[in-house]
Amino acid sequence: MAKMYYEKDCDLGKLTGKKIAIIGYGSQGHAHAQNLRDSGCDVIVGLRKGGKSWPVAEKDGFTVLTVAEAAQQADIIMILINDERQADMYRVDIAPYLTEGKALAFAHGFNIRYKQIVPPAGVDVFMAAPKGPGHTVRSQYVAGKGVPCLVAVEQDATGKCLDIALAYIAGIGGARAGIMETSMHDETETDLFGEQTVLCGGVVDLMRCGFEVLVEAGYEPENAYFECIHEMKLIVDLINKGGVAAMNFSVSDTAEYGEYVSGPRVIPHEETKARMRAVLSDIQDGTFAGRWIAENKNGRTFFNSKREALAKHPMEIVGQELREQMLWKNNTDLDSASN
């Protein structure tokens, strides 16, 4: 069973006298920086000169430097920009200043797992990964709560890496909820698998298919949107709070019966698992990582074409029109800042 840590296991004092550089001020960056500062830590922000997040971070009261300047000054460097941008930035702006005894940190293990970033032997390398989006990391902290986190030590050069990592996670509020120990290898592979087969790839295609079947059968697109897309959050919230049993307790017996008789018809168990194993194999052997790295080097033509096609899909257009008519249209509880 995975080892868990809580506030009693974390000593924020381990960060005393250490300067922490948060590289990036987007979804996770703004939350880490603000939470750490509110926990009494010495935080600076490293950004690309002229980037649109620079004045945002300054307005929030941070000392903002170029990435190279921040890396040079910091004892702990947390990289929170997009995976595909990290390796080039690391080589140019961080690696030259990674002197012995410093710590390099990540919120996702992609670049370590696939060796796009290979830190020198004399530095600590750890992962502090909140299991939630940045705005939730911030809002839960402000509410006196926290988002569960993963911790992993990839390289313990100082003999104190785990203590530093736990202190860092306590600083962003994660110890209030719970910290699960893992490895960057396992986090990367399970995270990519979950995103591709269930959370993003699986869920989006399932919703899209349901929407299309109802519309093609002659039902109003708005009804199709509510039944196959809007209500997804309501169902997932119930599962998040109490598992599938809590969802089944809250829905009708008719819905639960439909779950048992029709779920396996839509998603044939063994066939789906076989396809999922193929996805997992691509993640494990580096095929997916290689494709994603190549996609970014070749202008993102496939990625951009898919993004454009999705934006034009009727479920997106109908959804936007419906949201504009509903009371939640002014909801700003979404990440809007960029790295």
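Only a predicted model underlies this, so the values are computations on that prediction, with no experimental measurement involved. Within each chain, residue numbers correspond to sequence positions counted from 1 in written order. Owing to the predicted nature of the model, reporting of local features is limited to residues with pLDDT of at least 70; listing and counting of side-chain atom pairs is limited to 80 or more, with chain, interface and lining totals taken over all residues. Computation of side-chain values covers all heavy atoms of the structure but excludes hydrogens and water.

**What to know about the overall build of the protein chain**
Here a strand is any run of E in DSSP of at least two residues, a helix any run of H or I of at least four, and the numbering for each starts at the N terminus. When its secondary structure is counted, the protein chain shows 15 helices and nine strands. Over its C-alpha trace the protein chain gives a radius of gyration of 22 Å, about what one expects of a compact globule, namely 20 Å for 339 residues. Summarising its shape, the C-alpha atoms of the protein chain cover approximately 65 × 45 × 40 Å along the three principal directions. The proportion of buried residues among the 339 residues of the protein chain is 37%. Accessibility throughout is a Shrake-Rupley quantity obtained with a 1.4 Å probe, and a residue counts as covered only by protein chains that appear here. Carbon and sulfur atoms form 54% of the exposed surface of the protein chain, whose accessible area is close to 18,600 Å². Put simply, the radius of gyration uses C-alpha atoms, and a globule should come to 2.2 Å times the residue count raised to 0.38. Relative accessible area decides the class of each residue, using a 1.4 Å probe on protein chains only: under 20% of the type maximum gives buried, over 50% gives exposed, and in between gives partly exposed.

**Structural notes on the pattern of salt bridges**
Salt bridges are defined as contacts in which a side-chain nitrogen from Lys or Arg sits within 4 Å of a carboxyl oxygen from Asp or Glu. As enumerated under the stated definition, the model contains 10 salt bridges in all. With a shortest N-O distance of 3.3 Å, K8 and D9 are connected by a salt bridge. Close ionic contact of E189 with R113 constitutes a salt bridge, the shortest N to O distance being 2.9 Å. Of this pair, E189 sits in helix α8 (residues 184–199) while R113 sits in helix α5 (residues 110–113), placing them 76 residues apart in sequence. Among the residues examined, E189 registers a relative accessible area of 8% and is labelled buried. We classify R113 as buried; its relative accessible area is 18%.

**So, the packing of helix α9 (residues 201–216) against helix α10 (residues 221–250)**
Here an angle of 0 to 180 degrees is reported between the N-to-C directions of two axes, which are lines fitted to C-alpha atoms, with helices fitted over the stretch in contact. Taken N-terminus to C-terminus, the directions of α9 and α10 make an angle of 160°; their axes are 8 Å apart at the nearest point. Put simply, α9 runs roughly antiparallel to α10. Our pair here, α9 against α10, has a crossing hand that is right-handed. Side by side, α9 and α10 meet where V203, M207, G210, F211, L214 and V215 of the first sit next to P221, A224, Y225, C228, I229 and M232 of the second. Each residue receives one of three labels: charged for Asp, Glu, Lys and Arg, nonpolar for Ala, Val, Leu, Ile, Met, Phe, Trp, Tyr, Cys and Pro, and polar for the others, Gly being one of them. Of the residues in the contact of α9 with α10, the class split is 11 nonpolar, one polar and no charged. For classification purposes, an angle smaller than 35 degrees is called roughly parallel, one larger than 145 roughly antiparallel, one from 65 to 115 roughly perpendicular, and anything else oblique. Working rule for handedness: look at the near helix, and if it is turned counterclockwise from the far one by less than a right angle, call the crossing left-handed; if clockwise, right-handed. Throughout, a contact is declared for two residues whenever any of their heavy atoms are within 4.5 Å.

**So, the environment of I169**
Mapped onto the elements of the fold, I169 is located in helix α7 (residues 161–171). For the pair I169 and V151, spaced 18 residues apart in sequence, the C-alpha to C-alpha distance is 8.0 Å. Leaving out residues up to four positions away in the same chain, I169 has contacts with A128, C149, L150, V151, G174, A175 and I179.

**Focus on the pairing of strand β8 (residues 149–155)**
Each regular strand displays side chains that alternate between the two surfaces of the sheet. Sheet topology note: the strand β7 (residues 124–130)/β8 ladder contains six bridges and is antiparallel. Following the sheet pairing, A129 is matched in β8 by L150. Whether two strands pair depends on DSSP finding at least two bridges between them. Here β8 runs beside strand β9 (residues 179–181); their pairing, made up of three bridges, is parallel. Across the sheet, the residue bridging to V151 is E181, located in β9.

**Thoughts on the packing of α8 against helix α12 (residues 269–284)**
A pair of packed helices is characterised by two quantities: the angle between their axes and the separation of those axes. Interaxial distance between α8 and α12 falls to 10 Å at its minimum, and their mutual angle equals 140°. By the criterion of interaxial angle, the relationship of α8 to α12 is oblique. For the pair α8 and α12, the sense of crossing is right-handed. Where α8 abuts α12, its residues E189, L192, F193, Q196, T197 and V198 lie against M276, V279, L280, I283 and Q284. Classifying every residue of the contact of α8 with α12 gives seven nonpolar, three polar and one charged.

**Overview of the sheet that holds β7**
In spatial order, the strands read β1-β9-β8-β7-β6-β5-β2-β3-β4; together these nine strands make up an open sheet with mixed pairing. Because the sheet does not close on itself, it has two edges, and the strands there are β1 (4–5) and β4 (64–66). Relative to strand β5 (residues 76–79), strand β2 (residues 19–23) runs parallel, the two being bridged by four bridges. Within β5, the position partnered with I23 by the bridge is I79. On top of the sheet, α8 reaches β6 (103–106), β7 and β8; it is set at about 35° to β7, its chief contact.

**Some points on the nonpolar core**
Here, the term nonpolar core denotes a set of buried Ala, Val, Leu, Ile, Met, Phe, Trp, Tyr and Cys residues that are joined through side-chain atoms within 4.5 Å. Membership of the largest hydrophobic core comes to 37 residues, with the highest contact counts inside it found for I20, I22, L36, V45, F126, Y168 and I179. Element by element, the count of residues in this core is highest for α7, at eight residues. For Y168, the residues in contact, after removing those within four places along its chain, are L15, I20, I22, H32, L36, M78, F126 and A128.

**Overview of the pairing of β7**
Taken across its seven residues, β7 has seven buried, putting it largely inside the fold. When β6 meets β7, the two strands line up parallel, connected through four bridges. Bridge pairing in β7 places F106 opposite M127.

**A few points about helix α4 (residues 83–94)**
One turn of an α-helix holds 3.6 residues; hence residues three or four places apart share an orientation. Residues of α4 that are buried: Q86, A87, M89, Y90 and I94. Where the residues of α4 are buried, they touch β2, α3 (67–73), β5, β6 and α5.

**Considerations on a nonpolar patch on the surface**
On the surface, a cluster of nonpolar side chains totalling about 240 Å² of accessible area is made up of M4, Y6 and M180. Note that M180 resides in strand β9. Residues enter patches when their relative accessible area tops 30% and they take part in no salt bridge; the joining distance is 9 Å for like charges and 5 Å for the nonpolar side chains Val, Leu, Ile, Met, Phe, Trp and Tyr.

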